[in-house]
Amino acid sequence: MMMKTELIRIYDPAEDAEGVLRAGDILAHGGLVAIPTETVYGLAANAYDEAAVKAVYAAKGRPSDNPMIVHIAELSALPELVTAIPENAKILAEAFWPGPLTMVLPRSSKIPLTTTGGLETVAIRMPSHPVACAVIRAAGVPLAAPSANRSGSPSPTTFRHCVDDLWGLVDAIVESDDCTVGVESTVLCFLPDGTPQVLRPGAVTPEEIQRRCGCVSVAEAVLHMLPQDAAAPSPGMKYKHYAPAATLTLLCGSREDYAARVNEYYEALQRAGEEDGFYAMCFDEDVSLLEAPTISYGVAYDYPSQAQNLFDVLRQLDKLQATEVYVHAPEPEEMGLAVYNRLLRAAAFRVVHL
Ligand code: TXA
Ligand code: MG
């Protein structure tokens, strides 16, 4: 069922104060608004309003056992949403909030089970994006907001991506700048002994968490496919994600080894007259060594640059009607871990170590 979608311009919350009020008003009345955050655009709804949260699942086409992140604009909003705050959560909030970090904590009764996908825990994040913060304050309630894509397509990092996915399915989309981080927030929970465990890697890296807390764990599913019957610690891990129409394969190795292998594949396809739709998704430095059509997603070893371009490039592959794509994989270290984790899922775990 199509509905009327408004485009609300908010580049600067002070200059576009009317837009902020409009977005807040729609949210306070149970509507859905796609808003920018520093990571990706989110599809926001009042986290206390079960009907609004159900409408988010419907607009995204998302399974309703996949829980949502609840966004707050100040630390003082936290205590009423949870029943306990472990010592390491306080340390991490102090270090990384506002910012791209989400912490899974025990849910208070104020958060409905619809928002948490039936779980007794709730994921909380305080974004740093000035527009996100202004809209949360204007709504006057915490906002449940998954990424503002249709389920299965890459997360949106520009307002145009939201328009492509959600026009006619939501009340409003905020027109604002492109997201600076480009991949979704780091999601972590706390093990019984208090150790933070990364469930989804992001811009706040395991190395940085280790430095602040003196310990860190990375969930098995970050780098490995879960067995079919395994209980996922984070329901989002179960679902196929960020899947472009093309078949992606990750190649891990040096610039020379990557180029040699891609050139070999491409020449074989050319001999058979079947090279249409073949792309090398590579780093800037690789381009000059490659025979095949290329699409670069950033600078080698500059993981933040790769993260920023990643989802837009995955969307471009569909527009280019790519069918077979060989991706030069980043090292799974620092923020490269987040990029690698998203690519692994886009490639349905097809990886070749050169
Ligand atoms: O950067 C972000 O986190 C963006 C922006 C909009 O804030 N949001 C986002 O939301 O990526 P979403 O819904 O696409 O991803 C939420 C992730 C999922 O993998 C979900 O399974 C996990 O967080 N999650 C949410 N609540 C959880 C909980 N109670 N326990 C474990 N994992 C949880
Ligand atoms: Mg998502």
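Residues numbered from 1 in each chain as written. Chains lettered and ligands numbered in written order. Predicted model: local features only at pLDDT ≥ 70, side-chain atom pairs only at ≥ 80, totals over all residues. Heavy atoms only, no water.

## Quick word on the overall build of the protein chain
Scanning the protein chain from terminus to terminus reveals 9 helices and 16 strands. Computed over the C-alpha atoms, the radius of gyration of the protein chain is 20 Å, within 12% of the 20 Å expected from 2.2 N^0.38 for a compact globule of 354 residues. In terms of overall dimensions, the protein chain has C-alpha extents of about 65 × 50 × 40 Å along its principal axes. In the protein chain, buried positions account for 55% of the 354 residues. Sequence-distant contacts in the protein chain: of pairs separated by 6 or more residues, those separated by 24 or more amount to 68%. Here the protein chain displays about 14700 Å² of accessible surface, and carbon together with sulfur accounts for 51% of that area. Here the protein chain contributes 26 positively and 45 negatively charged side chains, and the mean placements of these two sets differ by 6 Å. (Helix = DSSP H or I, 4+ residues; strand = E, 2+ residues; numbered from the N terminus. Rg over C-alpha atoms; globule rule 2.2 N^0.38 Å. Buried < 20%, exposed > 50% of the residue type's maximum accessible area, 1.4 Å probe, protein only. Contact = heavy atoms within 4.5 Å. Areas by Shrake-Rupley, 256 points an atom, 1.4 Å probe, with all protein chains shown as cover. Lys, Arg positive; Asp, Glu negative; His and termini not counted. Charge placed at Lys NZ, Arg CZ, Asp CG, Glu CD.)

## Topic: the nonpolar core
Grouped together as the largest cluster of nonpolar side chains are 43 residues, with contacts concentrated most on Leu43, Leu92, Trp97, Leu101, Met103 and Ile124. Those elements giving two or more residues to this core turn out to be strand 3 (42-46), helix 2 (50-60), helix 3 (87-96), strand 5 (101-106), strand 6 (121-125), helix 5 (159-166), strand 9 (186-190) and helix 6 (206-213). If we skip the residues at most four places from it in the chain, Trp97 touches Ile72, Leu75, Leu78, Leu92, Met103, Ile124, Arg125 and Met126. Membership of the second largest hydrophobic core comes to 33 residues, among which are Phe283, Tyr303, Val339 and Tyr340. (Core = buried A, V, L, I, M, F, W, Y, C linked by side-chain atoms within 4.5 Å.)

## Description of the sheet that holds strand 9
As summarised here, the arrangement of the 11 strands in space is 1-8-2-3-7-4-6-5-9-10-11, forming an open sheet in which the pairing is mixed. Either end of the sheet is taken by a strand with one partner, and the two such strands are strand 1 (6-9) and strand 11 (217-218). Each of strand 1, strand 2 (33-35), strand 3 and strand 8 (172-175) is contacted by helix 5, which is oriented at about 160° to strand 8, the strand it contacts most. Packed onto the sheet, helix 6 meets strand 9, strand 10 (196-200) and strand 11 and runs at close to 165° relative to strand 10. (Pairing = 2+ DSSP bridges. Axes fitted to C-alpha atoms, helices over the stretch in contact; angles between N-to-C directions.)

## Digging into a negative patch on the surface
A cluster of like negative charges, contributed by Glu207, Glu331, Glu333 and Glu334, occupies part of the molecular surface. Along the chain, the position of Glu331 falls in the loop between strand 15 (324-328) and helix 9 (336-346). (Patch = residues over 30% accessible without salt bridge, like charges linked within 9 Å, V, L, I, M, F, W, Y side chains within 5 Å. Salt bridge = Lys/Arg side-chain N within 4 Å of Asp/Glu carboxyl O.)

## Re the state of the cysteines
For the coordinates displayed, the defined rule picks out 0 disulfides. The thiol sulfur of Cys133 is not disulfide-bonded, and the nearest other cysteine sulfur, from Cys179, lies at 14 Å. Classification of Cys133 as buried rests on a relative accessible area of 9%. With no disulfide partner, Cys189 has as its closest neighbouring cysteine sulfur the one in Cys215, 12 Å distant. (Disulfide = S-S within 2.5 Å.)

## Side note on the side chain of His328
In this fold, His328 is placed in strand 15. Here Gly253 takes part through its backbone oxygen, which lies 2.7 Å from a polar atom of the side chain of His328. The residues contacting His328, other than those within four sequence positions of it, are Leu251, Gly253, Ser254, Arg255, Tyr258, Met281, Cys282, Phe283, Asp286 and Tyr297. (Polar contact = N/O pair within 3.5 Å; in protein donor to acceptor, adjacent residues only side chain to side chain.)

## Digging into the pairing of strand 12 (residues 247-252)
Each regular strand carries side chains that alternate between the two faces of the sheet. Burial analysis of strand 12 places 5 of its 6 residues in the buried class, which makes it a mostly covered element. As judged from the 5 bridges shared by strand 12 and strand 15, these two strands associate in the parallel manner. Its bridge partner lying in strand 15, Leu250 is registered against Val327. Judged from the 3 bridges that link them, strand 12 and strand 16 (residues 351-353) form a sheet pairing that is parallel. Bridge pairing links Leu250 to Val351 in strand 16.

## Quick word on the pairing of strand 8
Of the two faces of strand 8, the one carrying Ala172 and Val174 and the one carrying Ile173 and Glu175 are both buried. Sheet topology note: the strand 1/strand 8 ladder contains 4 bridges and is parallel. Residue pairing in the sheet places Ile8 in a bridge with Val174 of strand 8. Bridge count for strand 2 against strand 8 is 2 bridges, and the pairing is parallel. Counted as the bridge partner of Ala34 is Ile173 from strand 8.

## Focus on the packing of helix 3 against helix 6
Across the interface, helix 3 lies against helix 6 with an axial gap of 10 Å and an inter-helix angle of 120°. Considered as vectors, helix 3 and helix 6 are oriented oblique to each other. Considering how the two elements wind past one another, helix 3 and helix 6 form a crossing that is right-handed. On helix 6, the residues that touch Asn88, Ile91, Leu92, Ala95 and Phe96 of helix 3 are Glu208, Ile209, Arg212 and Cys213. (Parallel < 35°, antiparallel > 145°, perpendicular 65-115°, else oblique. Left-handed = near helix turned anticlockwise from the far one by under 90°.)

## Description of unusual backbone geometry
The step from Trp97 to Pro98 runs through a cis peptide bond, and the omega angle for that step is -5°. Note on placement: Pro98 falls in the loop between helix 3 and strand 5.

## A short note on helix 3
Those residues of helix 3 that sit buried are Asn88, Ala89, Leu92, Ala93 and Phe96. Axial view of helix 3: buried residues confined to an arc of 135°, hence all on one face. Turned more than 90 degrees from where helix 3 packs its buried face, Glu87 and Glu94 sit exposed. Tucked into the core, helix 3 has its buried residues touching strand 5, strand 9, strand 10 and helix 6. (Arc of directions from axis to C-beta.)

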